[in-house]
Amino acid sequence: QRHPNHNHNNVNKLSSKNKIDNNKEVKFRAYQAENWTDKFKELLQFREKKGHCLVPNCHPENPSLAQWTKRQRYQYKLRMGGKRSTLTNERVQALDEAGFVWDSHKAVWSERYEELKQFRKVHGHCNVPSRYQANHQLAIWVKRQRRQWKNKMDFRKNCMTDERQESLDSIGFIWDMTMNKKKN
């Protein structure tokens, strides 16, 4: 913490009291850097275990890692907006090389996609019931994907990219459940 009398504009006019405060600040920054490095190592361990860097927003196994990944995205957004950020070039590069997903919307989409793949592995299909108690968020997401696809087919505003559609197609996702019911 900074000394209450520490003034940013008068950094050149350091009294002996402020020099001590600056040393404390350096130690605090060193601690923060060490903490960042520890969390980054945890991210790499997560990637080693799961095969990706998409730490779920709600991650009971390691809630502090989930919080840290959210903070990295927030700091990145600040940085890209030209605002003050704790994210250095080196950190951005390290996270990029690790396969970190900066866009939280993209991250949530990918998280749900991974959940759908797990659902498929267990149930043998991608037809998540609309009232799926085990993961209601997944049920909502699946419904939303179908709606976005329909909007795309009707040339309306949508966020269904070709890449997303291909990913869902590759795991046997059924877009129009009314057509599926008629087949059975």
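Residues numbered from 1 in each chain as written. Predicted model: local features only at pLDDT ≥ 70, side-chain atom pairs only at ≥ 80, totals over all residues. Heavy atoms only, no water.

J.: So, the overall build of the chain: which residues are in play, and what are the values?
T.: On a plain count of helices and strands, the chain comes out with seven helices and zero strands. Shown N-terminal to C-terminal, the secondary structure of the chain runs as helices and strands in the order α-α-α-α-α-α-α. Counting every position in the chain, which comprises 184 residues, the buried fraction comes to 35%. Restricting the contact set of the chain to residue pairs at least 6 apart, pairs at least 24 apart contribute 46%. A total accessible area of about 13,100 Å² is found for the chain, and carbon and sulfur atoms account for 50% of it. (Helix = DSSP H or I, 4+ residues; strand = E, 2+ residues; numbered from the N terminus. Buried < 20%, exposed > 50% of the residue type's maximum accessible area, 1.4 Å probe, protein only. Contact = heavy atoms within 4.5 Å. Areas by Shrake-Rupley, 256 points an atom, 1.4 Å probe, with all protein chains shown as cover.)

J.: Could you give me a rundown of the pattern of salt bridges, with the residues and numbers involved?
T.: Taken as a whole and judged by the stated rule, the model has eight salt bridges. With a closest N to O distance of 2.8 Å, Asp 154 and Lys 150 form a salt bridge. By relative accessible area, which is 34% here, Asp 154 ends up partly exposed. Overlapping salt bridges, with partners in common, bring together Glu 111, Arg 112 and Glu 115 in one network. (Salt bridge = Lys/Arg side-chain N within 4 Å of Asp/Glu carboxyl O.)

J.: Explain helix H4 (residues 104-123) to me, and be specific about the residues and the numbers.
T.: The first and last C-alpha atoms of H4 sit 28 Å apart over 20 residues, in line with the 28 Å expected at 1.5 Å per residue. In this structure, the buried residues of H4 make contact with helix H2 (63-80), helix H5 (136-153) and helix H6 (162-170). Between the side-chain oxygen at the start of H4 and the backbone nitrogen of His 105 there is a gap of 2.9 Å, and the oxygen is on Asp 103. Immediately beyond the C-terminal end of H4, within one or two residues, lies Gly 124, with a positive phi of roughly 80°. (Expected span 1.5 Å × (residues − 1). Polar contact = N/O pair within 3.5 Å; in protein donor to acceptor, adjacent residues only side chain to side chain.)

J.: Got a sec to walk through the packing of aromatic side chains? Specific residues and values, please.
T.: Taken as a whole and assessed by the stated rule, the structure comprises nine aromatic pairs. On the numbers, 4.7 Å between centres and 65° between planes, the contact of Phe 100 with Trp 102 is edge-to-face. Each member of the pair Phe 100 and Trp 102 is classed as buried. Ring plane angle 15° and centroid distance 5.4 Å describe the contact between Trp 109 and Tyr 113, whose orientation is recorded as stacked. Taken together, the residues Trp 109 and Tyr 113, both in helix H4 and four residues apart, mark about one turn of the helix. With respect to burial, Trp 109 and Tyr 113 carry one shared label: buried. (Phe/Tyr/Trp six-rings, centres within 6.5 Å; stacked < 30°, edge-to-face > 60°.)

By themselves these figures say nothing about function.
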